Amino acid sequence: MKILILGVNGFIGNALANELIKKRGTKIYGLDVNNQNIKNLLLNKNFVFKRGLVEKNDKWVESHIKKSDVIIPLIAIATPKVYVTDPLKVFQLDFESNLKIIKWCSKYKKYILFPSTSEVYGMSKDGKFNEYKSNLVVGPVHKSRWIYSTSKQLLDRVIIAYGEQRKLKYTLFRPFNWIGPKLDTLERAQLGNGRVLTIMISNLIKNKNITLVNNGIQKRSFTYIDDGIDALLKIINNRNKLNKKIFNIGNPKNNISIKKLSDILLNEYRINSKVEYRGKIVSKSEKSFYGSAYQDISQRVPDISEAKKLLGWKPKFNLRMSIALTLKSFL
Ligand code: UGA
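Every value quoted in this text rests on a predicted model; they were computed, and no experiment measured them.

A. Highlighting the site of the ligand. Residues in contact with the ligand amount to 26 residues; listed here are only the nearest, Tyr83, Ser118, Asn177, Arg220 and Asp296. Between the ligand and tyrosine 83, the relevant distance is 2.7 Å, taken from an oxygen atom to a side-chain nitrogen or oxygen of the residue. Backbone polar atom of asparagine 177 to an oxygen atom of the ligand: 2.7 Å apart, as the coordinates give it. In the complex, the protein chains occlude 97% of the 720 Å² of accessible area that the ligand would expose alone. Among the secondary structure elements, those contributing two or more residues to the shell around the ligand are helix H3 (80-85), helix H7 (196-205), strand E9 (210-213) and helix H10 (286-290). Per-element accounting of the shell around the ligand gives the leading share, 3 residues, to E9.

Structural data, given as structure tokens:
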């Protein structure tokens, strides 16, 4: 089996490549602008790496789509701060670059495993979010926070239309706040350019204040990366039966407030670090933390019955373990 992973050095890409390469007979083609997370793979004869930007390597990308059985485009900006500071960049990379890839997959009749996002559900109040039933609810257009959600939503719809009209074979998966080693870098997270857990970890390590946006009452369901990768492997191995399916990949049991996340993290830091944290926990409004183009999501719990039923999958890592393993990797 030949698999093309675009964004192979990223958080999901490197973890997935490391698991896939273990299976005999698997060849991975990977593209990324960086390679610090995949150094161990570079000498493997079943791993072919191209360093570069997806936007600047059309020929390479097209020719490797032609050669591959499974295409996994993981190239996207997925940090909320950038949705607000550079929405055009988000649109160009997340939407335009991926649209091109989807079209090539259709043209060459290739299976695409596409990362949708938990963000497509937006501010929906439909309880546990269901792939086929929940409404997708976003805010007004000047709130550019939603450019990521809507770009991904439109790509989901485009893929589904290609499936209906041009027989494109696909599976969509929606990660719900996956966390783990190599999620962001501490340097980038330090600038607010990361996800909440890495931003908090980088503040802990640098003894800077930890910010709870809107007092941290909003909730997320955090999912450990190994559980996510386990689900992706099951999808890839059973892809012929999973054409046109959509899967929420998340852990509804790990649904907590951001305040509670900071409490658990501080406790784990006390246990695992020899150094005492000298910063403070402060609260800021979403406007002062992200700017006026931001809007928060108060709750986001996945319905994972589809993944349980069709993949025989369920998440195994509880919250404390997931947070502790992530923290330790950065320490
Ligand atoms: C994320 C990102 O959009 C993507 O990574 C991804 O598609 C998706 O969710 C996902 O992983 O499922 P979000 O959960 O809002 O969106 O992003 P985080 O940066 O992880 O923030 C979570 C919550 O923590 C937000 O309510 C935010 O306001 C809050 N926060 C963030 C803080 O209280 N303090 C901080 O320092 C940073």
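So much for the structure itself; the text now carries on.
B. Summary view of the packing of aromatic side chains. Using the criterion set out here, one finds 9 aromatic pairs in the structure. On the numbers, 4.7 Å between centres and 10° between planes, the contact of tyrosine 83 with tyrosine 148 is stacked. Residue tyrosine 83 is found in helix H3, and its partner tyrosine 148 is found in helix H5 (residues 146-166); the two are separated by 65 residues along the sequence. Between the aromatic rings of phenylalanine 289 and tyrosine 290, the centroid separation amounts to 4.8 Å while the plane-to-plane angle is 85°, which identifies the pairing as edge-to-face. Like tyrosine 290, phenylalanine 289 is buried. Every member of this aromatic cluster is reached through a ring pair, and the members are Tyr121, Phe129 and Phe176. The ring of tryptophan 146 is capped by arginine 145, whose NZ or CZ atom sits 5.1 Å from the centre of that ring.

C. Representation of the sheet that holds strand E2 (residues 27-32) within the structure. Taken together, the 7 strands give an open sheet; going across it, the order is E3-E2-E1-E4-E5-E7-E12, and neighbouring strands pair in parallel fashion. Looking along the sheet, the strands with just one partner apiece sit at the ends: strand E3 (47-51) and strand E12 (245-249). Across this sheet, the average inter-strand angle for adjacent strands is 15°, counted without regard to direction. Its contacts with the sheet put helix H2 (residues 58-67) on strand E1 (2-6), E2, E3 and strand E4 (70-73), and the angle it makes with E1 is roughly 150°. With respect to the sheet, H5 is in contact with strand E5 (111-115), strand E7 (170-175) and E12, its orientation differing from that of E7 by roughly 160°.

D. Spatial organisation of the packing of helix H1 (residues 11-20) against helix H8 (residues 225-237). At a minimum axis separation of 10 Å, H1 and H8 run at an interaxial angle of 60°. Comparing their axes, H8 and H1 come out oblique. Relative to H8, H1 is oriented so that their crossing is right-handed. Contacts between H1 and H8 involve Phe11, Ile12, Ala15, Leu16, Glu19 and Leu20 from the first element and Ile225, Ile229, Leu232, Leu233 and Ile236 from the second. Grouping the amino acids of the contact of H1 with H8 by side-chain chemistry returns 10 nonpolar, no polar and 1 charged.

E. Representation of helix H12 (residues 319-330) within the structure. Across its 12 residues, H12 extends 17 Å between first and last C-alpha, which sits within 8% of the 16 Å expected from 1.5 Å per residue. Burial in H12 covers these residues: Leu319, Ser322, Ile323, Ala324, Thr326, Leu327 and Phe330. Buried residues along H12 sit in contact with strand E8 (178-179), helix H6 (186-190), H7, strand E11 (223-224), strand E13 (255-257) and helix H9 (258-272). Sitting at the amino-terminal end of H12 is asparagine 318, which places a side-chain oxygen 3.3 Å from the backbone nitrogen of arginine 320.

Cut-offs applied
- Residues numbered from 1 in each chain as written.
- Predicted model: local features only at pLDDT ≥ 70, side-chain atom pairs only at ≥ 80, totals over all residues.
- Heavy atoms only, no water.
- Near = heavy atom within 4 Å.
- Polar contact = N/O pair within 3.5 Å; in protein donor to acceptor, adjacent residues only side chain to side chain.
- Areas by Shrake-Rupley, 256 points an atom, 1.4 Å probe, with all protein chains shown as cover.
- Helix = DSSP H or I, 4+ residues; strand = E, 2+ residues; numbered from the N terminus.
- Phe/Tyr/Trp six-rings, centres within 6.5 Å; stacked < 30°, edge-to-face > 60°.
- Buried < 20%, exposed > 50% of the residue type's maximum accessible area, 1.4 Å probe, protein only.
- Lys NZ or Arg CZ within 6 Å of the ring centre and 35° of its normal.
- Pairing = 2+ DSSP bridges.
- Axes fitted to C-alpha atoms, helices over the stretch in contact; angles between N-to-C directions.
- Contact = heavy atoms within 4.5 Å.
- Parallel < 35°, antiparallel > 145°, perpendicular 65-115°, else oblique.
- Left-handed = near helix turned anticlockwise from the far one by under 90°.
- Nonpolar A, V, L, I, M, F, W, Y, C, P; charged D, E, K, R; others polar.
- Expected span 1.5 Å × (residues − 1).

By themselves, these figures tell us nothing about what the structure is for.
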